[in-house]
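Residue-level structural notes
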Amino acid sequence: MFIFKQVKLHLNNGKVNINCPVYRGMIKIGISKEIVTTSAEPTELHISGVLNVNGSFTSGLGCKFIIEENAVLDIGENSRFGRNCKILVTKKVYLANHIRMAFESQIMDSNFHYILDIEKECVQNIERNIEINDYCWIGNRTTIMKGTKTPKQIIIASNSLLNKDYTLTIPPCSIMGEIPAKLIKTGYVRLHGEKEWEVDSFFKKMNSDVYYFK
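Residues numbered from 1 in each chain as written. Predicted model: local features only at pLDDT ≥ 70, side-chain atom pairs only at ≥ 80, totals over all residues. Heavy atoms only, no water.

1. A word on unusual backbone geometry
Rule in force here: By definition, any uninterrupted DSSP run of H or I lasting at least four residues is a helix, any uninterrupted run of E lasting at least two residues is a strand, and each is numbered from the N terminus. When accessible area is computed with a 1.4 Å probe and restricted to protein chains, residues below 20% of their type maximum are described as buried, those above 50% as exposed, and intermediate ones as partly exposed.
The linkage connecting Ile179 with the following residue, Pro180, adopts the cis geometry, with an omega of -10°. You can see Pro180 is positioned in the loop between β22 (174-177) and β23 (182-186). Positioned with a positive phi, Asn78 is a non-glycine residue whose angle comes to about 55°. The topology assignment puts Asn78 in the loop between β9 (72-75) and β10 (79-81). Its identity is not glycine, yet Tyr135 carries a phi of approximately 55°, on the positive side. Look at Tyr135 and you get partly exposed, because its relative accessible area is 32%.

The following block contains the structure:
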């Protein structure tokens, strides 16, 4: 694990489980390598519940991971969290593999305040699990609320709000967004690894608007 400057760790009787082979530099906390360099407070990890680490992950400056007592946060393989991201867990948040969460986005599995329905004389539970599936790209300043469940390989546009199960209405390999979020386009995925480098290299060298895979 590499812990960079301006990082505060508060275990608070919590527990961290490493459920994968361990190697040097697998986890990087408080790193600053982003193009967008907004101001940031110290990176903070408050763990009163359980953090399950299922692979490598990186968090930028100013991130806040708050896991309350009896709550669980699962982080999958090769996930990255941009500067000033916030993840607040009171029940359970499951983040699968290859998640990308851009700067100043937030995930919260609770509304934090109970609201009385005067007509029905009832109060809804303020907590509900969140599940973000593989290869989900979360655009900057997006808010993901309790009960959210996404399909695999989803691109979420910047400044969006997610607050329900989208797996029955939005197919994998889609773009979604707005407030509240809805389907925008299908048939799109974010490039990763060698394919992304290949395309980036092409556009830096060639005067072209489109790259075609052969």
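2. What to know about the sheet that holds strand β4 (residues 27-31)
Put simply, the test is: Any two strands between which DSSP finds at least two bridges are classified as paired.
Across the sheet, which stays open at both edges, the nine strands sit in the order β1-β4-β7-β10-β13-β18-β20-β22-β23 with mixed pairing between neighbours. Each end of this open sheet is capped by a strand with a single partner; those strands are β1 (2-3) and β23. Note: β1 against β4, two bridges, orientation parallel. Residue pairing across strands places Ile3 opposite Ile29, the latter belonging to β4.

3. Regarding the pairing of strand β5 (residues 43-47)
Here β5 lies mainly inside the structure; four of its five residues are buried. Relative to β5, strand β2 (residues 7-10) is paired through four bridges, and the arrangement is parallel. Counted as the bridge partner of Val7 is Thr43 from β5. When β5 meets strand β8 (residues 64-67), the two strands line up parallel, connected through four bridges. Paired with His46 across the strands is Ile66, a residue of β8.

4. Digging into the packing of aromatic side chains
What counts, and what does not: Each pair of aromatic rings taken from Phe, Tyr and Trp, with Trp reduced to its six-membered ring, is defined by centres within 6.5 Å and is described as stacked if the planes are under 30 degrees apart, edge-to-face if over 60, and tilted in the remaining cases. The rule is short: NZ of Lys or CZ of Arg within 6 Å of the ring centre and within 35 degrees of the ring normal puts a charge over the ring.
For the coordinates displayed, the defined rule picks out five aromatic pairs. Residues Phe202 and Phe203 carry aromatic rings whose centres are separated by 5.3 Å and whose planes lie at 70° to one another, so their mutual orientation is edge-to-face. Of the residues examined, Phe202 reaches a relative accessible area of 22% and is grouped as partly exposed. Here the aromatic rings of Tyr211 and Phe213 are separated by 5.1 Å at their centres, their planes lie at 85°, and the arrangement is edge-to-face. Sitting over the face of the ring of Trp137, Arg190 holds its NZ or CZ atom 4.3 Å from the ring centroid. In this structure, Lys195 packs its charged tip against the face of Phe213, placed 6.0 Å from the ring centre.

5. Points about empty space enclosed by the protein
As a reminder of what qualifies: Method remark: on a 1 Å grid restricted to protein atoms, a set of points is classed as a cavity if a 1.4 Å probe fits but cannot get out and as a pocket if it is open with protein on both sides within 12 Å along at least five of seven lines; lining residues have an atom within 4 Å of a point. Grid points are joined across faces, edges and corners, and a volume is the space filled by probe spheres set on the points. Three residue categories are used. Nonpolar comprises Ala, Val, Leu, Ile, Met, Phe, Trp, Tyr, Cys and Pro, charged comprises Asp, Glu, Lys and Arg, and polar comprises the others, including Gly.
The full count for this structure, using the stated rule, is one cavity of 30 Å³ or more. A volume near 40 Å³ is recorded for the largest cavity. Taken together, Leu45, Ile47, Leu51, Phe57, Phe65, Ile67, Leu73 and Ile75 form the lining of the largest cavity. Mapped onto the lining of the largest cavity, the elements with two or more residues apiece are β5, β8 and β9. Looking at side-chain class alone, the lining of the largest cavity contains eight nonpolar, no polar and no charged residues.

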